[in-house]
Amino acid sequence: MKVKVPVLTTFSLQFPRWATAVGALAIMVFLIAGGDLVPLAAATGLMFFAVISWYQPIPLVLMLLVLSTEVFQFVSLEHTPYLQLAPGTRLNSQDIAVLLLLLLGGLQLLRRREWPMFGRPLFFLFASILLASVFGWMAGTTNPGASLNAFRAYSGYLFYVGLVGVLDRPKTVKAVVNIVFVIIVISVCIQLVEAAQGERIVSPLAPASEYFGSTKYVDSGGTRVPYLWNRATGYLFLGLFLAFGVFFAGQVNTKHILIGLWAGTGLVIALVRQWLVLFVCGVLMLGMLLQGARLRMIVRFIAVGALILAVLIWISRLIPGLALLEALRARVNTIIFFQEEANYVGRILIQRQMLTMFGHSPMLGYGPGSGLIVSDVGIHNALVELGLVGTASIVYLIGFVFVKGYRGLKRMTSSLFKGYLGGLLAAWAALAVGYSFSVDFIGQMSMMTGLAMALLDRTCTFAGEEGTPESLSLELRNLQPAG
């Protein structure tokens, strides 16, 4: 007999009850604030939003993902509302939203009596971060305020726990995937507008970054083109493999094909070599994970390459001054002869210096907030900041996620979710390769990493679009009559 699991779709609390509770809390905040209406309005709005998010969390997830891109690099989080905890330490709007999602998701997990799939390796990671922090305080290389601010880099794993809690059925998983696709469409559209005008769109509220604060140019083979980084690179990469995963799983879906081509276009326009390398690694891994007839897989590889090339030719003709194909050819040549490239040599020197620092404090590092983090050096950041203990916990997390995901892929029946899972695993493997030399997706891109982990967790948990989630098995047992 098939038991139908009841799904909460309406307010189970009567309106006067929760409205009265929110009103009472708002009045209390008003009295504490000394009658200032700004804290009252902010607290009341946050409380109402929290209540609504309990029943419909997708708007909160959308807001969090957009904030994590710093509103597509147009508005720095420094210019958004914040809560000052102590001098030099504050919770910005993204931190507050993450904590709200963690609270809501945690309550949902308790209600379902469920533990996140990747909870164990995350426990070891957080324990190693705490140990490194305490050691850094004792050694004088960091302090509690700096460590708390530095912990923001790992807030994506709190986001993962909260997201797992609120994604309670396949429909919500597909909604989050669609949010990623929307972010891709918007970010690539911005890139194309910038390419058409030959310079970056700069906002006065933009983050103080060399990539988004002004237009930078790259000279390759005598070709000078604007250096147009995508404004949501991590989500672009993740969404690219979510879309291509469905295609490689054998489901010909127009939406996923178009999103994959759009994301691939944005990746190429950016002309960032490390992401091009990771794209190739991911596509190869995707072919190995979603194996089918050999001829069919070869045809899919050729089809993907031909379609992306056709889109690039179209864009080059649409924007004649972009010289995209010439610049791309020159960038690929620098990858082939990477040992002669100045950026590569400089990065090797930086990594050598970081290994020297690691040798002076190998076990627990210098602690979060020590100010020794460098962009584009991958695992070397973990070695310096968290030492061998923290780095081992990160390696354990990476391996644990892949093994769990691979086992889930073997028993997956839904072609859509199998494609999503295969794409996520391919992206995860490619990012792990990049972590060894460049892309710090564990520390500096934790929101994207937390999202990938949550989608991996949920696609493994759900048997398929029409399946019943394993996480609700206890509820099913409770619904069965006794005796």
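Residues numbered from 1 in each chain as written. Predicted model: local features only at pLDDT ≥ 70, side-chain atom pairs only at ≥ 80, totals over all residues. Heavy atoms only, no water.

K.L.:
What exactly am I supposed to notice about the overall build of the protein here?
P.N.:
The secondary structure content of the protein amounts to 19 helices and 4 strands. The proportion of buried residues among the 483 residues of the protein is 49%. Surface accessibility of the protein: about 22600 Å² in total, with carbon and sulfur atoms responsible for 67%. (Helix = DSSP H or I, 4+ residues; strand = E, 2+ residues; numbered from the N terminus. Buried < 20%, exposed > 50% of the residue type's maximum accessible area, 1.4 Å probe, protein only. Areas by Shrake-Rupley, 256 points an atom, 1.4 Å probe, with all protein chains shown as cover.)

K.L.:
Could you clarify how one ought to interpret the side chain of Ser 370 in this entry?
P.N.:
Turning to its location among the elements, Ser 370 is positioned in the loop between helix H15 (342-360) and helix H16 (380-410). Note on Ser 370: relative accessible area 18%, which makes it buried. Separated by 3.0 Å, the side chain of Ser 370 and the backbone oxygen of Gly 367 make a polar contact. If near-sequence neighbours (up to four positions away) are discounted, Ser 370 is found in contact with Thr 141 and Thr 142. (Polar contact = N/O pair within 3.5 Å; in protein donor to acceptor, adjacent residues only side chain to side chain. Contact = heavy atoms within 4.5 Å.)

K.L.:
Teacher, can you tell me more about the packing of aromatic side chains here?
P.N.:
Working definition: an aromatic ring pair is given by the centre-to-centre distance plus the angle between the planes. Within this structure, the stated rule accounts for 14 aromatic pairs. Each residue in the set Phe 118, Phe 123, Phe 124, Tyr 160, Tyr 396 and Phe 400 is aromatic and connected to the rest through ring pairs, giving one cluster. The cationic tip of Arg 231 hangs over the ring face of Phe 74; the distance from NZ or CZ to the ring centre is 4.3 Å. Over the ring of Phe 462 we find Arg 458, and its NZ or CZ is 5.7 Å from the ring centre. (Phe/Tyr/Trp six-rings, centres within 6.5 Å; stacked < 30°, edge-to-face > 60°. Lys NZ or Arg CZ within 6 Å of the ring centre and 35° of its normal.)

K.L.:
What is the right way to read the pattern of salt bridges from this model?
P.N.:
Oppositely charged side chains are able to pair whenever their charged atoms sit close together. In the structure shown here, the tally under the stated rule is 8 salt bridges. We note a salt bridge from Glu 114 to Arg 112, for which the minimum N-O separation is 2.8 Å. We classify Arg 112 as buried; its relative accessible area is 1%. Where Arg 200 meets Glu 194, a salt bridge forms, and the shortest distance between an N and an O atom there is 3.7 Å. Given a relative accessible area of 0%, Glu 194 falls into the buried group. Here the salt bridges do not stand alone but share partners, grouping Arg 112, Glu 114, Asp 457 and Arg 458 into one network. (Salt bridge = Lys/Arg side-chain N within 4 Å of Asp/Glu carboxyl O.)

K.L.:
Is there a simple way to think about helix H17 (residues 415-435) in this case?
P.N.:
Note: α-helices contain 3.6 residues per turn, so residues at a spacing of three or four share the same orientation. Taking 1.5 Å as the rise per residue, H17 with 21 residues should run 30 Å; its terminal C-alpha atoms sit 30 Å apart, in good agreement. Counted residue by residue, H17 has 17 buried out of 21 residues, so it is predominantly covered. (Expected span 1.5 Å × (residues − 1).)

K.L.:
So what exactly am I meant to see when it comes to the environment of Leu 307 here?
P.N.:
Here Leu 307 lies in helix H13 (residues 294-318). The class of Leu 307 is partly exposed, set by a relative accessible area of 38%. Spatially, the C-alpha atoms of Leu 307 and Gly 264 are 9.8 Å apart, while their sequence positions differ by 43 residues. Ignoring anything within four residues of it in the chain, the contact list for Leu 307 reads Ile 257 and Leu 261.

K.L.:
I tried to follow the pairing of strand E2 (residues 89-92) on my own but got confused; where do I start?
P.N.:
For a regular strand, side-chain orientation follows a simple rule: the groups alternate between the two sheet faces. In terms of strand pairing, strand E1 (residues 82-86) meets E2 through 4 bridges, oriented antiparallel. Paired with Gln 84 across the bridge in E2 is Arg 90. (Pairing = 2+ DSSP bridges.)

K.L.:
Would you mind showing me how to read the packing of helix H9 (residues 170-197) against helix H10 (residues 233-248) here?
P.N.:
Geometrically, a packed helix pair is captured by the angle between its two axes and the distance between the axes. Close contact between H9 and H10 brings their axes to 9 Å; oriented N to C, the two are set at 120°. With respect to their mutual orientation, H9 and H10 come out oblique. Crossing angle aside, the handedness with which H9 passes H10 is left-handed. Where H9 abuts H10, its residues Val 177, Val 180, Phe 181, Ile 183, Ile 184, Ser 187 and Val 188 lie against Tyr 235, Leu 236, Gly 239, Leu 240, Leu 242 and Ala 243. Among the residues making up the contact of H9 with H10, the classes are represented as 11 nonpolar, 2 polar and no charged. (Axes fitted to C-alpha atoms, helices over the stretch in contact; angles between N-to-C directions. Parallel < 35°, antiparallel > 145°, perpendicular 65-115°, else oblique. Left-handed = near helix turned anticlockwise from the far one by under 90°. Nonpolar A, V, L, I, M, F, W, Y, C, P; charged D, E, K, R; others polar.)

K.L.:
Help me out: how do you make sense of helix H11 (residues 254-270) in this one?
P.N.:
Counted at 1.5 Å a residue, the expected span for H11 with its 17 residues is 24 Å, and the 25 Å between its end C-alpha atoms agrees. The buried count for H11 comes to 12 of 17 residues, which makes it a mostly enclosed element. Regarding H11, the residues found buried are His 256, Ile 259, Gly 260, Leu 261, Ala 263, Gly 264, Thr 265, Gly 266, Leu 267, Val 268, Ile 269 and Ala 270.

K.L.:
Sorry, what's going on with the confidence of the model for the protein here?
P.N.:
Segments scoring low in pLDDT should not have their predicted coordinates read at a detailed level. Residues at a pLDDT of 70 or more form 76% of the protein, whose mean pLDDT is 80. Per-element averaging of pLDDT across the protein places helix H19 (residues 473-479) at the bottom with 39 and helix H8 (residues 156-166) at the top with 95. In this model, residues 1-16 is a region of pLDDT below 50 whose contacts with residues beyond four sequence positions or in other chains number 17 contacts. Scored below 50 in pLDDT, residues 464-483 makes 33 contacts in the model with residues more than four places away or belonging to other chains. (pLDDT = per-residue confidence, 0-100.)

K.L.:
Help me understand the environment of Ser 128 in this model?
P.N.:
With respect to the element layout, Ser 128 can be found in helix H6 (residues 119-139). Here Ser 128 falls in the buried class, since its relative accessible area comes to 3%. Separated by 263 residues in sequence, Ser 128 and Thr 391 place their C-alpha atoms 8.7 Å apart. In contact with Ser 128, other than residues within four places in its own chain, are Val 389, Gly 390 and Ser 393. Within polar-contact distance, the side chain of Ser 128 engages the backbone oxygen of Leu 125 at 2.6 Å.

K.L.:
What exactly am I supposed to notice about the environment of Leu 289 here?
P.N.:
Relative to the helices and strands, Leu 289 is located in helix H12 (residues 273-289). By relative accessible area, which is 11% here, Leu 289 ends up buried. Measuring from C-alpha to C-alpha, the distance between Leu 289 and Leu 421 comes to 9.7 Å, with 132 residues separating the pair along the chain. The contacts of Leu 289, once residues within four sequence positions are left out, are Phe 402, Tyr 406, Leu 409, Gly 422, Leu 425 and Ala 426.

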